Amino acid sequence: MTSGGRKRWRFWALGGIGKQLIALLKPFGVHITAVNRSGRPVEGADEVVSMDDATHVWGEADVIFCILPATAETEGLIDAAKFRAMKPSALFINVGRGSTVVTDDLVDALREGEIAGAGLEVVDPEPLPDDHPLLSLPNCTTTPHIGATKHVAQYHMGDIFNANAAAWEKGEPMPTQVDPEAGY
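Residues numbered from 1 in each chain as written. Predicted model: local features only at pLDDT ≥ 70, side-chain atom pairs only at ≥ 80, totals over all residues. Heavy atoms only, no water.

### Quick notes on the overall build of the protein
Here is step 1 of the chain: Along its length, the protein carries 5 helices and 7 strands.
Here is step 2 of the chain: Each helix and strand of the protein, ordered N terminal to C terminal, gives the series β-α-β-β-α-β-α-β-α-β-β-α.
Here is step 3 of the chain: Here the protein holds 184 residues, and 38% of them are scored as buried.
Here is step 4 of the chain: Nonlocal contacts in the protein, meaning residues at least 24 apart in sequence, comprise 55% of its contacts between residues at least 6 apart.
Here is step 5 of the chain: Carbon and sulfur atoms make up 56% of the accessible area of the protein, which amounts to about 10500 Å² in all. (Helix = DSSP H or I, 4+ residues; strand = E, 2+ residues; numbered from the N terminus. Buried < 20%, exposed > 50% of the residue type's maximum accessible area, 1.4 Å probe, protein only. Contact = heavy atoms within 4.5 Å. Areas by Shrake-Rupley, 256 points an atom, 1.4 Å probe, with all protein chains shown as cover.)

Following this line, the structure appears as C-alpha cells:
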C-alpha cells in the first residue's frame, strides 16, 4: 500500500543510523514511519509508532528497515509471524544486529515468497558459514558487516577515535560510547 502513491518505508529503532537514512531517503518522496520504544517524535518521519502499537506496520510496509540493537527484548523479535504479516512484494533490510532476526524464519520467508527480498548488513550467525542458504538465495543480498567501504571506514575512524579521546580526557561521555546494560 502506498500513501498518495508514495512507497511506505518503516524504520525499527531510530538512533543515528536511522536519522541519517531518513535524511537520505526523504528527497525520494517515500512515506516514512518510525517505530521506537516510546513513540517519541523523530525528525523527518511522517509518523511515529511505539513498538507496542506497531503490529499493523508489518503488513503496510513496502520496505522494513531494521536498525534494532541487540538486547534481551529484541533477540529473535523478527520471526516467522512478522515475515508472514509482510506483503509478498516487501523488502526486509537489516543493518542493526543479526540476533534480532530468527535466521531460519528469514530463509523460509525468502524461499516461500512470503517477502520479495532481503538486504543484510548483519546476520546470525556472523559470519555465515560458506554453505549457508542466505548466501545463495537469489532474493537475498548480504554485505560484510562494516557499513562502509574500507576507504570510507579508514577515513572516519581517525575522527571517531580523536573525538572519543578528547571527550575521555575532559571526563565527558564519549560520543560513540556503548552502554553494556542497554546493549548499544
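Back to the write-up after that little detour.
### Observations concerning unusual backbone geometry
Here is step 1 of the chain: The linkage connecting aspartate 124 with the following residue, proline 125, adopts the cis geometry, with an omega of 5°.
Here is step 2 of the chain: Its place among the elements puts proline 125 in the loop between β6 (117-120) and β7 (140-142).
Here is step 3 of the chain: Of note, the amide linkage connecting glutamate 126 to proline 127 takes the cis form, showing an omega dihedral of 0°.
Here is step 4 of the chain: With respect to the helices, strands and loops of the structure, proline 127 is situated in the loop between β6 and β7.

### Topic: the nonpolar core
Here is step 1 of the chain: Phe83, Phe92, Leu106 and Leu134 are the most contacted members of the largest nonpolar core, which totals 27 residues.
Here is step 2 of the chain: Elements supplying a minimum of two residues to this core: α2 (57-60), β4 (63-66), α4 (103-111) and β6.
Here is step 3 of the chain: Filtering out sequence-adjacent residues up to four positions away, phenylalanine 92 remains in contact with Ile64, Cys66, Ile78, Phe83, Met86, Val101, Leu106, Ile115, Gly117, Ala118, Gly119 and Leu120.
Here is step 4 of the chain: Membership of the second largest hydrophobic core comes to 13 residues, among which are Ile22, Leu25, Val30 and Ala45. (Core = buried A, V, L, I, M, F, W, Y, C linked by side-chain atoms within 4.5 Å.)

### Observations concerning the side chain of threonine 33
Here is step 1 of the chain: Inspection of the secondary structure assignment puts threonine 33 in strand β2 (residues 31-36).
Here is step 2 of the chain: Here glutamate 47 takes part through its side chain, which lies 2.9 Å from a polar atom of the side chain of threonine 33. (Polar contact = N/O pair within 3.5 Å; in protein donor to acceptor, adjacent residues only side chain to side chain.)

### As for helix α1 (residues 16-25)
Here is step 1 of the chain: For α1, every residue scored as buried is listed here: Gly18, Leu21, Ile22 and Leu25. Along the axis of α1, the buried residues cluster in a sector spanning 100°; they form a single face. Facing away from the buried side of α1 by more than 90 degrees, the exposed set consists of Gly16, Gln20 and Leu24. (Arc of directions from axis to C-beta.)

### Concerning the environment of glycine 16
Here is step 1 of the chain: Of note, glycine 16 is situated in helix α1.
Here is step 2 of the chain: Along the chain, glycine 16 and isoleucine 67 lie 51 residues apart, while their C-alpha atoms are 9.8 Å from each other.

### Quick word on empty space enclosed by the protein
Here is step 1 of the chain: This structure, assessed with the given rule, holds 1 cavity of 30 Å³ or more.
Here is step 2 of the chain: Within this model, the largest cavity holds a volume of roughly 60 Å³.
Here is step 3 of the chain: Phe92, Asn94, Gly98, Val101, Thr103, Leu106, Leu120, Val122, Val123, Asp124 and Leu134 together form the lining of the largest cavity.
Here is step 4 of the chain: Contributing elements (two or more residues each) for the lining of the largest cavity: β5 (91-94) and α4.
Here is step 5 of the chain: Counted by class, the lining of the largest cavity contains 7 nonpolar, 3 polar and 1 charged residues. (1 Å grid on protein atoms, 1.4 Å probe; cavity = no way out; pocket = protein on both sides within 12 Å on 5 of 7 lines; lining within 4 Å. Points joined across faces, edges and corners; volume = space filled by probe spheres on them. Nonpolar A, V, L, I, M, F, W, Y, C, P; charged D, E, K, R; others polar.)

### Let's talk about the pairing of β2
Here is step 1 of the chain: Counting buried positions over the 6 residues of β2 gives 6, a clear majority of the element.
Here is step 2 of the chain: The pairing of β2 with strand β3 (residues 47-50) spans 4 bridges and is classified as parallel. Its bridge partner being in β3, asparagine 36 is matched across the sheet by serine 50. (Pairing = 2+ DSSP bridges.)

### Some points on the pattern of salt bridges
Here is step 1 of the chain: Taken as a whole, this structure holds 3 salt bridges when the rule is applied.
Here is step 2 of the chain: Ionic pairing is found between lysine 87 and aspartate 62, a salt bridge with its closest N-O pair at 2.8 Å. Here the residue lysine 87 occupies a position in the loop between α3 (80-85) and β5, and aspartate 62 occupies one in the loop between α2 and β4, the gap between them amounting to 25 residues. Here the two residues lysine 87 and aspartate 62 agree in accessibility, since each one is buried. (Salt bridge = Lys/Arg side-chain N within 4 Å of Asp/Glu carboxyl O.)

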